[in-house]
Amino acid sequence: MAIVFHEASKVFHLYNQDISYLIRIMENGQLENLYYGKALRDRDDFSYMHEEAMRSQMSINVPEPGLLSMQYTRQEYPSYGTGDYRSPAFTVLQENGSRIVNYEYTAYEILKGKKSLEPLPATYVEDEEEAATLEVTLHDQVTDTDLILSYTIYEHYPVITRNSRFVHKGSEKIVLERALSASVEFIDTDYELMHLSGAWSRERYVKSQKLETGIQGIQSLNGTCSGAEFNPFLALKRPHTTEYQGEVYGFNFVYSGNFLAQAETSTFGMTRILMGIHPECFSWELKQGETFQTPEVVMVYSDQGLNKMSQVYHRLYRTRLMRGRWRDQARPILLNNWEATYFDFDEEKILNIAKKAKEVGVELFVLDDGWFGARNDDHRGLGDWYVNLDKLPDGISGLSRKIEEMGLKFGLWVELEMANKDSDLYRAHPDWLISVPDRFESHARHQYVLDFSRKEVVDHIHEMVAKVIRESSISYIKWDMNRYMTEPYSKGTSASEQGKVMHKYILGVYDLYTRLINEFPDILFESCASGGARFDAGMLYFAPQTWTSDDTDANERTKIQYGTSMVYPIVSMGSHVSAVPNHQLHRETSLATRANVAYFGTFGYELDLNLLADKEIEQVKEQIKFMKEYRELIQIDGDFYRLKSPFEGNETAWMVVSQDKKNAVAGYYQSLNQVNGTWIRLKLDGLCPDALYEITYDTTFDTPVDPEMMAVYGVKIGSDPVKTYQAYGTELMYAGIPINRDLLNRKSMDFSSLLFMITQVG
Ligand code: GLA
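Residues numbered from 1 in each chain as written. Predicted model: local features only at pLDDT ≥ 70, side-chain atom pairs only at ≥ 80, totals over all residues. Heavy atoms only, no water.

1. Quick word on the overall build of the protein
Filter applied, for reference: Comment: elements are numbered from the N terminus, with helices defined as DSSP H or I runs of at least four residues and strands as E runs of at least two. For the radius of gyration, the atoms used are the C-alpha atoms, and the globule rule reads 2.2 Å times the number of residues raised to 0.38. Contacts were defined at the residue level, with two residues in contact if any of their heavy atoms lie within 4.5 Å. The Shrake-Rupley method, run with a 1.4 Å probe sphere, supplies the accessible areas, and residue values consider only the shown protein chains as cover. Here the positive residues are Lys and Arg and the negative ones are Asp and Glu; neither His nor the chain ends is included. Taken as the charge location is NZ of Lys, CZ of Arg, CG of Asp or CD of Glu.
On a plain count of helices and strands, the protein comes out with 14 helices and 41 strands. Rg of the C-alpha trace for the protein: 27 Å, near the compact-globule value of 27 Å for 762 residues, within the 12% margin. Projected onto the principal axes, the alpha-carbon positions of the protein cover approximately 85 × 70 × 45 Å. The contacts in the protein between residues at least 6 apart in sequence include a share of 71% that link residues at least 24 apart. Counting every atom, the protein has about 27,400 Å² of accessible surface; 49% of that belongs to carbon and sulfur. A distance of 2 Å separates the average location of the 78 positive side-chain charges in the protein from that of its 109 negative side-chain charges.

2. Let's talk about the pairing of strand β23 (residues 409-414)
The condition is simple: For every residue, the accessible area (1.4 Å probe, protein chains only) is compared with the maximum for its type, and the residue is labelled buried under 20%, exposed over 50%, or partly exposed between those bounds. Note: two strands are recorded as paired if DSSP finds a minimum of 2 bridges between them. We call a crossover right-handed when, viewed with the strands running away from us, the connection from the first strand over the helix to the second turns clockwise.
For β23, the buried fraction is high: five of the six residues fall into the buried class. Bridge count for strand β22 (residues 364-367) against β23 is four bridges, and the pairing is parallel. Its bridge partner lying in β23, Phe 365 is registered against Phe 410. For the segment spanning β22, helix α4 (residues 395-405) and β23, crossover handedness is right-handed. Pairing of β23 with strand β26 (residues 476-479), which is carried by four bridges, proceeds in the parallel orientation. Across the sheet, Gly 411 pairs through a bridge with Tyr 476, a residue of β26.

3. Let's talk about the packing of helix α3 (residues 347-360) against α4
Where we set the bar: The axes used here are C-alpha line fits, helices contributing only the stretch in contact, and every angle between their N-to-C directions lies in the interval 0 to 180 degrees. When describing relative orientation, an angle under 35 degrees is termed roughly parallel and one over 145 degrees roughly antiparallel, while 65 to 115 degrees is termed roughly perpendicular and anything else oblique. Handedness of a crossing follows from how the near helix is turned relative to the far one, being left-handed for an anticlockwise turn of less than a right angle and right-handed for a clockwise one.
Contact geometry for α3 and α4: axes closest at 10 Å, N-to-C directions at 25°. In terms of axis orientation, α3 runs roughly parallel to α4. The chirality of how α3 crosses α4 is right-handed. On the side of α3, the interface is formed by Glu 347, Ile 350, Leu 351 and Ala 354, while α4 contributes Leu 399, Lys 402 and Ile 403.

4. Looking at the site of the ligand
Formally: Proximity criterion: a residue is near a molecule or strand once any of its heavy atoms comes within 4 Å of it. Identification of polar contacts relies on pairs of N or O atoms within 3.5 Å, with a donor-acceptor requirement for protein atoms, meaning one able to donate a hydrogen and the other able to accept it, and with residues adjacent in sequence counted only if both atoms are side-chain atoms. Residues are grouped as follows: Ala, Val, Leu, Ile, Met, Phe, Trp, Tyr, Cys and Pro are nonpolar; Asp, Glu, Lys and Arg are charged; all remaining types, including Gly, are polar.
Not every one of the 13 residues close to the ligand is listed here, only the nearest: Asp 368, Asp 369, Lys 478, Gly 531 and Asp 550. A distance of 2.6 Å separates an oxygen atom of the ligand from a polar atom in the side chain of Asp 550. Computed on the free molecule, the ligand has an accessible area of 310 Å², of which 96% lies beneath the protein chains in the complex. Its residues placed into classes, the shell around the ligand shows four nonpolar, three polar and six charged.

5. Observations concerning the packing of aromatic side chains
Using the following cut-off: Here a pair means two rings of Phe, Tyr or Trp (six-membered ring of Trp) with centres within 6.5 Å. Their orientation is stacked below 30 degrees between planes, edge-to-face above 60, and tilted elsewhere. Note on geometry: a ring has a charge over it if NZ (lysine) or CZ (arginine) is within 6 Å of the ring centre and within 35 degrees of the ring normal.
Tallied over the full model, the rule gives 52 aromatic pairs. With a centroid separation of 5.7 Å and 45° between ring planes, the pair formed by Phe 90 and Phe 166 is classed as tilted. Placement of Phe 90 in strand β5 (residues 90-93) and of Phe 166 in strand β9 (residues 159-168) is noted, with a sequence separation of 76 residues between them. By relative accessible area, which is 4% here, Phe 90 ends up buried. Between Phe 282 and Trp 284, the aromatic rings sit 6.1 Å apart at their centres with planes inclined by 20°, giving stacked as the arrangement. The pair Phe 282 / Trp 284 is uniform in exposure class, with both members buried. The aromatic ring of Tyr 448 is capped on one face by Lys 421, whose charged end is 4.5 Å from the ring centroid.

6. What about the domain arrangement of the protein?
Note the cut-off: Delimitation of the domains relies on an automatic or database domain assignment. Summed over both partners, the accessible area lost on bringing two parts together, with a 1.4 Å probe, is the buried area.
Once the domains are mapped, the protein shows domain 1 (2-320), domain 2 (331-416 + 452-482 + 521-635) and domain 3 (644-760). Summarising the inter-unit geometry, the C-alpha centres of domain 2 and domain 3 are found 31 Å apart. On the side of domain 3, 29 residues touch domain 2, which itself brings 23 residues to the contact. Across the domain 2/domain 3 interface, buried area totals approximately 2,100 Å², and carbon plus sulfur atoms make up 70% of it. Taken as a group, Tyr 562, Phe 600 and Leu 633 account for 30% of the area that domain 2 buries against domain 3, more than any other trio of residues on that side. Elements with a contribution of two residues or more to the side of domain 2 that touches domain 3: α9 (554-564), α10 (591-598) and α11 (614-637). Each residue belonging to the side of domain 2 that touches domain 3 can be placed in one class, and the counts come to 10 nonpolar, nine polar and four charged.

7. Thoughts on the confidence of the model for the protein
So the rule is basically this: For every residue, the predictor states its confidence as a pLDDT score lying anywhere from 0 to 100.
In the predicted model, the protein carries a mean pLDDT of 96, and the fraction of residues at 70 or more is 97%. Ranking the elements of the protein by mean pLDDT puts helix α12 (residues 707-711) last, at 54, and strand β20 (residues 296-302) first, at 99.

8. Details of the side chain of His 462
With respect to the helices and strands, His 462 occurs in helix α6 (residues 455-471). Overall, the relative accessible area of 14% leaves His 462 in the buried class. For His 462, the residues in contact, after removing those within four places along its chain, are Leu 512, Arg 515, Leu 516 and Glu 519.

9. Looking at unusual backbone geometry
At the junction of Glu 64 and Pro 65, the peptide bond is cis and its omega measures out at 10° in the coordinates. Within the secondary structure, Pro 65 is located in the loop between β4 (31-38) and β5. Cis rather than trans, the peptide bond between Glu 118 and Pro 119 has omega equal to 15°. Relative to the assigned elements, Pro 119 resides in the loop between β6 (104-112) and β7 (131-140). One non-glycine residue, Arg 445, adopts positive backbone phi at about 50°. By secondary structure assignment, the location of Arg 445 is in the loop between α5 (424-428) and β25 (447-449). For Arg 445, a relative accessible area of 28% gives the class partly exposed.

10. Quick word on α3
To be explicit about the condition: Multiplying 1.5 Å by the residue count of a helix minus one yields the expected span of that helix.
Taking 1.5 Å of rise per residue, the 14 residues of α3 would be expected to cover 20 Å, and the 20 Å separating its terminal C-alpha atoms lies within 8% of that figure. Here α3 has its buried residues at Glu 347, Ile 350, Leu 351, Ile 353, Ala 354, Lys 356, Ala 357 and Val 360. Where the residues of α3 are buried, they touch β21 (334-336), α2 (338-341), β22, α4 and α11. Once α3 ends, the next one or two residues include Gly 361, with phi positive near 115°.

11. A look at the environment of Leu 754
Its location among the elements puts Leu 754 in strand β41 (residues 753-760). A relative accessible area of 0% means that Leu 754 is categorised as buried. Taking the C-alpha atoms as reference points, Leu 754 and Thr 213, 541 residues apart in sequence, are found 44 Å from one another.

12. Comments concerning the packing of α9 against α10
To describe two helices that pack against each other, one gives the angle between their axes and the distance between the axes. Packing of α9 against α10 brings their axes to within 9 Å, and their N-to-C directions diverge by 15°. Relative to α10, the element α9 lies roughly parallel. Crossing hand, α9 versus α10: left-handed. Counting all contacts with α9, which are made through Ala 554, Arg 557, Thr 558 and Gln 561, the residues of α10 involved are Thr 593, Arg 594 and Val 597.

Right under this line is the structure:
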């Protein structure tokens, strides 16, 4: 890995064994993006890559006879108004009403390692040899402002992270009306734009569309979160790129609030990617001496398909974004009471559910919504973070002690950023809501957003929740957030500062997380937002797992988890086995399939186990035993491979392979049974070609089956059907595991699934 500056040609080259990124200082002092992609051999002069030609209508940015025009130049951090008519990365409003700027190169610094962006979340290094950082300082003379563009390249990952910082030295006030984190330009337009989008209960479906001329993009203006509709991720992939091969560039925003991510292709064959805080509702006044730091964008390049890109995101995020005690630890198997009881519980009911959970091997009991204030339904109570003694007479302290005495850990649900109007908190502080005086206050789920841009609000909530935690034995917190922001306005700040409120809100959330993590470093935090509306890298910095979706139907979950895995590690995905008929879709799926999907996540249960039949309880015990054996591989050690996409047909398949390639586990899922169907050939990936493996089929069935079927789905040795056989890595990857679909159809009704355990034996 190296960052070099070639003085004579004025080119910075950031490279490692996989990638190169080239930046040139142009004649006008601004920065040009010369190249980003597969590693180039270093040389003194790459400046021939600059394109320049006379064109009609061209606005020229340097004295004659120069031909430099911003319209046709690929730039690092473009502004509007000096000849480039595409979307800019930033806009600075000045006292005289002008928005014209000229940030020229003044200095650079190459640093070992990577700077922290706190209070913003960001990837980090543990050892300064792991990465190198280039900071280029540009200066605008008229406003006397520095703009510092920061680039980090990791030694062992095809990753570049970017952010930008404004440092205002001048005496006039300036207003940042737009301050995105990164702009990257590509030398052609032959890409598909891929992103993850959906809605509540169908989050992060994989969408791909051919890049068209003009602007296409995704965003969140939700205020409180990155959102269920669009995830702060997009990728440019070649049309022929698949999971296994081809080029793809990923862009992920390490932020949990409003974002804009767009691709703009010009009619001159250029593609510009922009990513950052959404400029709508954003304006940031800077006085002399003040700075503004943008959040981080993490860019991953892969020339080995989408799987490679995802594996890089997974490993980087698991080891250099997540923090704390739980970062490197497999997660406890939990039982959450939400779908088991909703608001309708008392201590006896809870202890009864917990007792059964303990019996089957569950390790953590989580008490969800409904334990505080007057919270008997979703109309009231939010904001009152003290226990409801009618339901839990011994308080959370008493209940948590009783649960711990059973041999389980105890976890608690909170939704700290919200208040119902029917709450003591609102009655005492009606002005603490985000809303505009004299205007209607929109509500959602009967609740309102607390103004976390105000420190006194965060202080107050912190005090209340920390007290509950201090007085009880709490090992896990599920921090929920169940509505988007409306009427964004803070009654605690001046008119000229209102454009800061939405960003400050997110900083307030990060602040409260920081306080709680520092005081309670052993607690495992899981973030949540109406299911999966806050599944982003910003959150993972604070909470190393996220509730993936309120939709716990196994078949739907194959899509949601498949899409989420595009960026986010398996260990970050909250995944539970819930009751049937499923509460969201009213669909029946087998207990085996529900677990086979949930294994590829944090794994837990969300139902009252007392309602299961004895033989189901036995099955649950087996499932928990299996997960305890395999969770280290699935969640911590392994690389995840997507094998078959639920967005392309009737089946899904994925697998995890250990770093040393000695162990793997694969899941195959069929949505609808197929009559007289073809055999399946499940081709695995990531194994050692020459190693001999033993393959074992899972034999969990919901209904009794004849022994021959139990024994085999496809493979026979001689004339004997087997449930275990041996094959080389080459066979498993190139010929595949043969599966008789007829037998699979009989395994359960629709939505059947298979699990394969693969162990190297030679
Ligand atoms: C949200 C969460 C659920 C549950 C409920 C409780 O919808 O996603 O898991 O915690 O809130 O109200």
